[in-house]
Amino acid sequence: MNKSVVLIGTQWGDEGKGKIVDLLTLHASGVVRFQGGHNAGHTLVVEGKKTVLHLIPSGILHEEVTCMIGGGVVLSLPHLFAEINELEEAGVNVAGRVLVSEKCSLILPSHVELDLARERKLEEKKIGTTGRGIGPAYEDKVARRGLRVKDLLDETSFLAQLKINLDYHNFILEKYYGVSPVGLDESLDSTIGFKDKLLPMIDDISKELRERRSEGKATLFEGAQGSLLDIDQGTYPFVTSSNTNVGAISGGCGVGPKSLDYILGITKAYTTRVGEGPFPTEVDGLIAHHLSSRGKEFGSTTGRPRRCGWFDANALKEVAQLNSLTALCVTKLDVLDGLDQLFICTDYKESSNGEVKPIYEEMSGWKGSVAGVKSKSKLPPEAISYLKRIEELSGVEIDIISTGPDREDTIIENNPFY
Ligand code: GDP
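Just so we're clear, the structure is a prediction, and the values are computed from it rather than from any experiment. (Residues numbered from 1 in each chain as written. Predicted model: local features only at pLDDT ≥ 70, side-chain atom pairs only at ≥ 80, totals over all residues. Heavy atoms only, no water.)

## What about the pairing of strand β16 (residues 341-350)?
As defined by bridge partners, strand β14 (residues 311-312) adjoins β16 across two bridges and the pair is classed as parallel. Looking across to β16, one finds that F311 is bridged to I344. Here β16 runs beside strand β17 (residues 356-364); their pairing, made up of nine bridges, is antiparallel. In the strand pairing of β17, K349 is matched with K357. (Pairing = 2+ DSSP bridges. Helix = DSSP H or I, 4+ residues; strand = E, 2+ residues; numbered from the N terminus.)

## What to know about the side chain of D140
One can find D140 in helix α4 (residues 134-142). Separated by 2.9 Å, the side chains of D140 and H111 make a polar contact. (Polar contact = N/O pair within 3.5 Å; in protein donor to acceptor, adjacent residues only side chain to side chain.)

## Some points on the domain arrangement of the protein
Assigned domains of the protein: these are domain 1 (4-102 + 201-263), domain 2 (105-195) and domain 3 (267-412). Between the C-alpha centres of domain 2 and domain 3 there is a distance of 38 Å. (Domains from an automatic or database assignment.)

## Topic: the site of the ligand
Around the ligand sit 19 residues, and of these K17, G18, G41, D334 and S402 come closest. Taking K332, its main chain carries an N or O atom lying 2.9 Å from an oxygen atom of the ligand. Within the side chain of D334, a nitrogen or oxygen atom sits 2.7 Å from a nitrogen atom of the ligand. Bound to the protein, the ligand loses 91% of the 590 Å² it would expose on its own. At the level of secondary structure, the elements contributing two or more residues to the shell around the ligand comprise α1 (17-24) and β3 (42-46). Among the residues forming the shell around the ligand, the class breakdown is three nonpolar, nine polar and seven charged. (Near = heavy atom within 4 Å. Areas by Shrake-Rupley, 256 points an atom, 1.4 Å probe, with all protein chains shown as cover. Nonpolar A, V, L, I, M, F, W, Y, C, P; charged D, E, K, R; others polar.)

## Brief notes about the packing of aromatic side chains
Aromatic ring pairs: the centre-centre distance and the angle between the two ring planes describe each pair. Going through the model one piece at a time under the given rule, you end up with six aromatic pairs. Seen from their ring centres, F81 and F194 are 5.3 Å apart, and the 0° between their planes marks the pair as stacked. A residue pair is termed long-range when its members are at least 10 positions apart, and F81 in helix α2 (residues 77-89) and F194 in the loop between α6 (184-189) and α7 (195-198) qualify at 113 residues. Judged by relative accessible area, F81 falls into the buried class, the value being 7%. Take F194: its relative accessible area is 17%, and that puts it in the buried class. Ring geometry for W366 versus Y386: centroids 6.3 Å apart, planes at 65°, classification edge-to-face. Taken together, the residues W366 in the loop between β17 and α12 (381-394) and Y386 in helix α12 connect sequence positions 20 residues apart. Y386 sits in the buried class, given a relative accessible area of 1%. In textbook terms, an aromatic cluster arises when at least three aromatic residues are bridged by ring pairs, as seen for W310, F343 and Y360. The lysine or arginine in question, K121, covers the ring of Y176, its NZ or CZ lying 4.4 Å from the ring centre. (Phe/Tyr/Trp six-rings, centres within 6.5 Å; stacked < 30°, edge-to-face > 60°. Buried < 20%, exposed > 50% of the residue type's maximum accessible area, 1.4 Å probe, protein only. Lys NZ or Arg CZ within 6 Å of the ring centre and 35° of its normal.)

## Concerning the sheet that holds β17
Judged by pairing direction, the sheet is mixed, and its three strands sit side by side in the order β14-β16-β17 without closing on themselves. The sheet terminates laterally at β14 and β17, the two strands that pair on one side only. The sheet strands contacting helix α11 (residues 313-322) are β14 and β16, and the helix crosses β16 at an angle near 70°. Along the sheet, α12 contacts β14, β16 and β17; its crossing angle with β16, the most-contacted strand, is approximately 20°. (Contact = heavy atoms within 4.5 Å. Axes fitted to C-alpha atoms, helices over the stretch in contact; angles between N-to-C directions.)

## A few points about the nonpolar core
The biggest cluster of nonpolar side chains holds 50 residues, and the ones touching the most others in it are F221, I249, C253, L333, L336, L379 and Y386. Ranked by the residues each element gives to this core, the list is headed by α12, at five residues. Structurally, this core is a two-domain feature, drawing no fewer than three residues from each of domain 1 (4-102 + 201-263) and domain 3 (267-412). Filtering out sequence-adjacent residues up to four positions away, L379 remains in contact with L333, V370, V373, I384, L387, I401 and I411. (Core = buried A, V, L, I, M, F, W, Y, C linked by side-chain atoms within 4.5 Å.)

## Here's the deal with empty space enclosed by the protein
For the coordinates displayed, the defined rule picks out one cavity of 30 Å³ or more. There is about 70 Å³ of room inside the largest cavity. Here the lining of the largest cavity gets three residues from one element, more than from any other, and that element is α11. For the lining of the largest cavity, a count of residues per class yields six nonpolar, four polar and one charged. Counting the residues that make up the lining of the largest cavity, at least three belong to each of domain 1 (4-102 + 201-263) and domain 3 (267-412). (1 Å grid on protein atoms, 1.4 Å probe; cavity = no way out; pocket = protein on both sides within 12 Å on 5 of 7 lines; lining within 4 Å. Points joined across faces, edges and corners; volume = space filled by probe spheres on them.)

## Here's the deal with unusual backbone geometry
Each neighbour pair has its own omega, and for Y236 with P237 the value is 5°, a cis peptide bond. In this fold, P237 is placed in the loop between β10 (219-222) and α9 (248-253). For Q225, which is not glycine, the phi dihedral falls at a positive 55°. Secondary-structure assignment places Q225 in the loop between β10 and α9.

## Overview of the packing of α11 against α12
At their nearest, the axes of α11 and α12 sit 8 Å apart, and the two run at 50° to each other. As summarised for this structure, α11 and α12 are arranged oblique, according to the angle between their axes. Helix-helix and strand crossings are classified by hand; for α11 and α12 the assignment is right-handed. Here α11 contributes A313, L316, K317 and A320 to the contact with α12, which in turn contributes I390, L393 and S394. Residues belonging to the contact of α11 with α12 are distributed by class as follows: five nonpolar, one polar and one charged. (Parallel < 35°, antiparallel > 145°, perpendicular 65-115°, else oblique. Left-handed = near helix turned anticlockwise from the far one by under 90°.)

Spelled out as structure tokens, the structure:
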């Protein structure tokens, strides 16, 4: 049995990770986030009911599962407790099931203001952040002035550092961006204001995970965003502010690479991207409309329409190496229903003006629908050829195929936990 399974998005996020996390959580007793913040957005559909989670691991919908937030995550306490409230109102029992690392960096209201002011100022050159303060919180962490969860335990020194940080943030907000400063009260409400509620949830996640492993408990490491958004290995500067690749698990929750047994790469059967940045296989016109409308390609965090394009096997091959992928899970195969021709990018070429252009291989689409198909033998031969070609080009086998948003609409060739 594989005790530690990792789930990584292999594209620019929105690969449908939420559904697969939810599915795999049936076999795990713990789910852990290791990077990012509440800029992730997992949409889960269970028995027709939709839940969008931004911070709490999707495993929360399974009663027996403990959800952990590793120290690599930047944490908005108002958002954490809003999400907990929403879950509780929906009848989910959350108490005692969410553990938060003492090492998490805190997102302050001034981080949010800085994020928004910066994007406004950049205008055409904007990165397309979710405006939730994630980037500025990571900046403070790297600058070694950030406030962490464990700092809440000593309110006097917390307040002193908060004042220093707020002074600095407000200086930039007022003098550089020409916007209003953020008040101390608001900053205290968003941090110390939640201290009592947070205290019982604070834990040493690294130790917790070590103990769980030695007790033979199965854990799922839930990546957010996608590999091509990794701050170091992604399409910089149009990337997220954290490492999204598998290596982030070591730093983000204090687990060594040898403690990971299986790394699953989630990849959509086509490609999407939210926000700015290079996207070699992007399409427009009818194909874009087909993918976007059938795939409901609108951001679950921001509602922004996603850019759409053909499958990029050239990028996936690289990503497979970066993450030592064990296997792939291809999602949203059903969205390709009704297309006569499909194109897979096998390589790039540079045009005379320096633009990266895809080299495509053409494949036949299939007649009829793969929506809701639950066994590989029921897939049309063209769909099987398409999947086979993805395996050949990426060098990684496909263990799971998703044919619809519901948990049941899935073909599991090999279960990562067994
Ligand atoms: P994540 O951030 O990677 O979890 O991606 P999203 O939450 O944006 O999920 C993508 C969307 O696709 C959600 O609305 C899912 O319900 C939906 N979805 C997931 N898998 C499939 C699938 O195989 N087919 C279809 N049609 N929709 C899917």
